[in-house]
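Structural overview for review
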Amino acid sequence: MKTVRMLLFEQGKPVVFYMGDDARGEYIYKFVSKAMWSNSDIGGGLKAGDKYLNEGTLYVAVFNEDGSGEWKALVHGQNGLDAFNSVLPFNGQDEVLVFARAAADAAGATKMDRPEWVSVSPMTGDVYVTLTNNKYRGVRDDQPVSASNPRSYQSSGKALGNDNGHIIRWAEAGGDHAATSFEWDIYLFGAPSDLSAENLSQLNDNNDFSSPDGLYFDPRGVLWIQTDDGAYTDTSSCMLLAALPGKVSDGSMTTTSAGQSTRVGTSASNDNIKRFFVGPEGCEVTGITMAPDFKTLFINIQHPGNTWGAVAGGSIPRSATVMITREDGDVILAESFDTADSTT
């Protein structure tokens, strides 16, 4: 499993860890600690980590076609995870955890389109996950189109698959992040604005994007979306967008060009999402945080040039951390999605 992307701490409740397994057709997980969080453990280091990570339950997500979802426990003796499993016998909880992907297969989890970063809205508590892309969606028999991964299409002469990715989100039952059921929809579909059949979020020239990767809610509820793209780079380099999302089920039903019905959030507009930053050619924009006063945004630029060799003049492009501030020193996005008010 590649990444742990979001941890939730609330006094007297379990600690919840959300995780994405960044591979085509892999899964979304969460771990719920047995121990209840105590604020006295802040700064407790490895001892506190042991307290919350040594015991708990690992779950894997199932996204049902009707917009409901459930968390299947990856626990020995449950959901077919025992020594009698015909595909891979599980002789104990240690084997369930070591072979988590196989355990998720056995539990009937939903194969996703490269789940990457996870972030939780401080405004609604909804959980957002980037699904970067998947060239096998609708191509391989084990990855057919589904309501939660509903597109398989050809663009720019490429083969079938989900070339531009999407962002899925869910609301845990009762607002309890330890719950075992949820409701979901697709917040945004990545697409070039002129790819009309696949531009289900109605993106325009100011906010179209492809292959969402990094994802970060700042404390004000602004959602920052970063891309790691190879599909839209003939038009734009990888980018950072700022968004003001609503909540799960604020949109409507739609049908993709693959004939799959799904639930999509409110359409994009210049009022709720806009391109904020574009990186150099060949880079990935990844890693992000904001200063407590909201006046400086930090992002990483990974492998600019992406040619693994010298460029004009004999220099080698180098990864870097970039600081973004407003020219007047004010809070970033103080008034609007004005991309002209920032400087590096």
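Before any of the text, the structure's been laid out above.
Residues numbered from 1 in each chain as written. Predicted model: local features only at pLDDT ≥ 70, side-chain atom pairs only at ≥ 80, totals over all residues. Heavy atoms only, no water.

**Quick notes on the overall build of the protein chain**
Note the following rule: Each helix is a run of H or I in the DSSP string that is no shorter than four residues. Each strand is a run of E no shorter than two, and both are numbered from the N terminus. Each radius of gyration is computed over the set of C-alpha atoms, and the globule rule expresses the reference value as 2.2 Å times the number of residues to the power 0.38. To sort residues, take the accessible area from a 1.4 Å probe on protein chains only and compare it with the maximum for the residue type: under 20% means buried, over 50% means exposed, and anything in between is partly exposed. The contact rule is simple, with two residues in contact once any of their heavy atoms fall within 4.5 Å. Shrake-Rupley sampling with a 1.4 Å probe provides the accessible areas, and residues are treated as covered by the protein chains on show and by no other component. For the purpose of charge, His is not counted, nor are the chain termini; Lys and Arg are scored as positive and Asp and Glu as negative. Where a charge sits is defined by one atom per residue type, namely NZ (Lys), CZ (Arg), CG (Asp) or CD (Glu).
Secondary structure summary: the protein chain contains three helices and 21 strands in total. Relative to the 2.2 N^0.38 estimate, which gives 20 Å for 344 residues, the radius of gyration of the protein chain is 21 Å and therefore close to what a compact globule would have. For the protein chain, the C-alpha atoms occupy an extent of roughly 60 × 50 × 45 Å along the three principal directions. Within the span of the protein chain, comprising 344 residues, buried residues form 51% of the whole. Counted over contacts in the protein chain with a minimum sequence separation of 6, partners at least 24 positions apart contribute 55%. As displayed, the protein chain offers around 15200 Å² of accessible surface, 50% of which is attributable to carbon and sulfur atoms. Distance between charge centres in the protein chain, computed from 26 positive and 44 negative side chains, equals 3 Å.

**As for the pattern of salt bridges**
Note the cut-off: By convention in these notes, a salt bridge is any Lys or Arg side-chain nitrogen within 4 Å of a carboxyl oxygen on Asp or Glu.
A full pass over the atoms with the stated rule returns 17 salt bridges. D113 is the partner of R137 in a salt bridge, and the nearest nitrogen-oxygen pair spans 2.7 Å. Of this pair, R137 sits in the loop between β9 (127-131) and β10 (166-172) while D113 sits in strand β7 (residues 112-113), placing them 24 residues apart in sequence. D113 matches R137 in its accessibility class, with the two residues each being buried. In this structure, D142 and R140 form a salt bridge, with 3.0 Å as the shortest nitrogen-oxygen distance. In this structure D142 comes out as partly exposed when scored by relative accessible area, which is 36%. Of the residues examined, R140 reaches a relative accessible area of 37% and is grouped as partly exposed. What you see here is one network of salt bridges that share partners, running through D21, E26 and R101.

**Some remarks on the nonpolar core**
Convention followed: The term nonpolar core refers to a set of buried residues drawn from Ala, Val, Leu, Ile, Met, Phe, Trp, Tyr and Cys, joined through side-chain atoms within 4.5 Å.
Core analysis: the biggest nonpolar cluster contains 35 residues, and W224, I225, L240, F276, L297 and I299 have the highest contact counts within it. Mapped onto this core, the elements with two or more residues apiece are β11 (181-189), β12 (212-217), β13 (223-227), β14 (239-243), β17 (273-278), β18 (284-290), β19 (296-302) and β20 (320-326). When residues of this core are assigned to their parent elements, the largest contribution, five residues, is made by β14. Listed in part, the 24 residues of the second largest apolar core include Y18, W71, F182 and V264.

**Regarding the pairing of strand β4 (residues 28-36)**
Stated precisely, the cut-off is as follows: The rule for pairing is simple: two strands pair if DSSP sees at least two bridges between them.
With respect to burial, β4 is a largely interior element, seven of its nine residues being buried. Of the pairings in the sheet, the one linking strand β2 (residues 14-20) to β4 comprises six bridges and is antiparallel in character. Its bridge partner lying in β4, M19 is registered against Y29. Two elements, β4 and strand β5 (residues 56-63), share five bridges in a ladder whose sense is antiparallel. Within β5, the position partnered with S33 by the bridge is G56.

**A look at the environment of T289**
The topology assignment puts T289 in strand β18. A residue is classified by how much of its surface remains accessible, and T289, at 39% relative accessible area, is partly exposed. With 152 residues separating them along the chain, T289 and R137 place their C-alpha atoms 32 Å apart. For T289, the residues in contact, after removing those within four places along its chain, are Y216, T296, L297 and F298.

**Some words on the packing of aromatic side chains**
For any two aromatic rings, the description comes down to two numbers: the centre-to-centre distance and the angle of the planes. Defined as follows: Aromatic rings from Phe, Tyr and Trp, taking only the six-membered ring of Trp, are treated as a pair when their centres fall within 6.5 Å; an angle between ring planes under 30 degrees marks them as stacked, one over 60 as edge-to-face, and anything in between as tilted.
Evaluation of the coordinates by the stated rule reveals 15 aromatic pairs. Judged by centre distance (6.4 Å) and plane angle (90 degrees), the rings of Y27 and Y29 are edge-to-face. Y29 carries the same exposure label as Y27, and that label is buried. Here the aromatic rings of W37 and Y52 are separated by 5.0 Å at their centres, their planes lie at 45 degrees, and the arrangement is tilted. Of the two residues, W37 is situated in the loop between β4 and α1 (45-53) and Y52 in helix α1; the sequence distance between them amounts to 15 residues.

**Describing helix α3 (residues 100-107)**
The α-helix advances 3.6 residues per turn, and as a result positions three or four apart in sequence lie on the same side. Here is the rule we go by: The arc under discussion is defined with respect to the helix axis, by the directions toward the C-beta atoms.
Residues of α3 that are buried include every one of A100, A103, A104 and A107, and no others. Seen along its axis, α3 keeps its buried residues to an arc of 100 degrees; they face one direction. In this structure, the buried residues of α3 make contact with β4, β5, β6 (68-73) and α2 (93-98). At the C-terminal side of α3, G108 shows a positive phi close to 80 degrees.

**Some remarks on unusual backbone geometry**
Of note in this structure, Q202 is not a glycine but carries a positive phi near 60 degrees. If you trace the backbone, Q202 turns up in the loop between β11 and β12. Although it is not a glycine, F294 adopts a positive phi angle of roughly 65 degrees.

**Description of the sheet that holds β13**
Hydrogen bonding along the main chain pairs the strands of a sheet, whether they run parallel or antiparallel. As a reminder of what qualifies: To get an axis, a line is fitted to the C-alpha atoms, and for a helix only the part in contact is used. The angle between two axes follows their N-to-C directions and goes from 0 to 180 degrees.
Overall, antiparallel pairing links the four strands, which are arranged β12-β13-β14-β17 in an open sheet. Single-partner strands in this sheet number two, and they are β12 and β17. Averaged over all adjacent pairs, the angle separating strand axes in this sheet is 25 degrees, with direction ignored. Pairing geometry for β13 and β14, over four bridges, is antiparallel. Across the sheet, residue L223 finds its bridge partner in β14, namely A243.

**Things to note about the side chain of D21**
The cut-off we apply is this: Polar contact criterion, stated in full: a pair of N or O atoms within 3.5 Å, where within protein one must be able to donate a hydrogen and the other to accept it, and residues adjacent in sequence count only if both atoms are side-chain atoms.
Here D21 lies in the loop between β2 and β3 (24-26). A distance of 2.8 Å separates a polar atom in the side chain of D21 from a polar atom in the side chain of R101.

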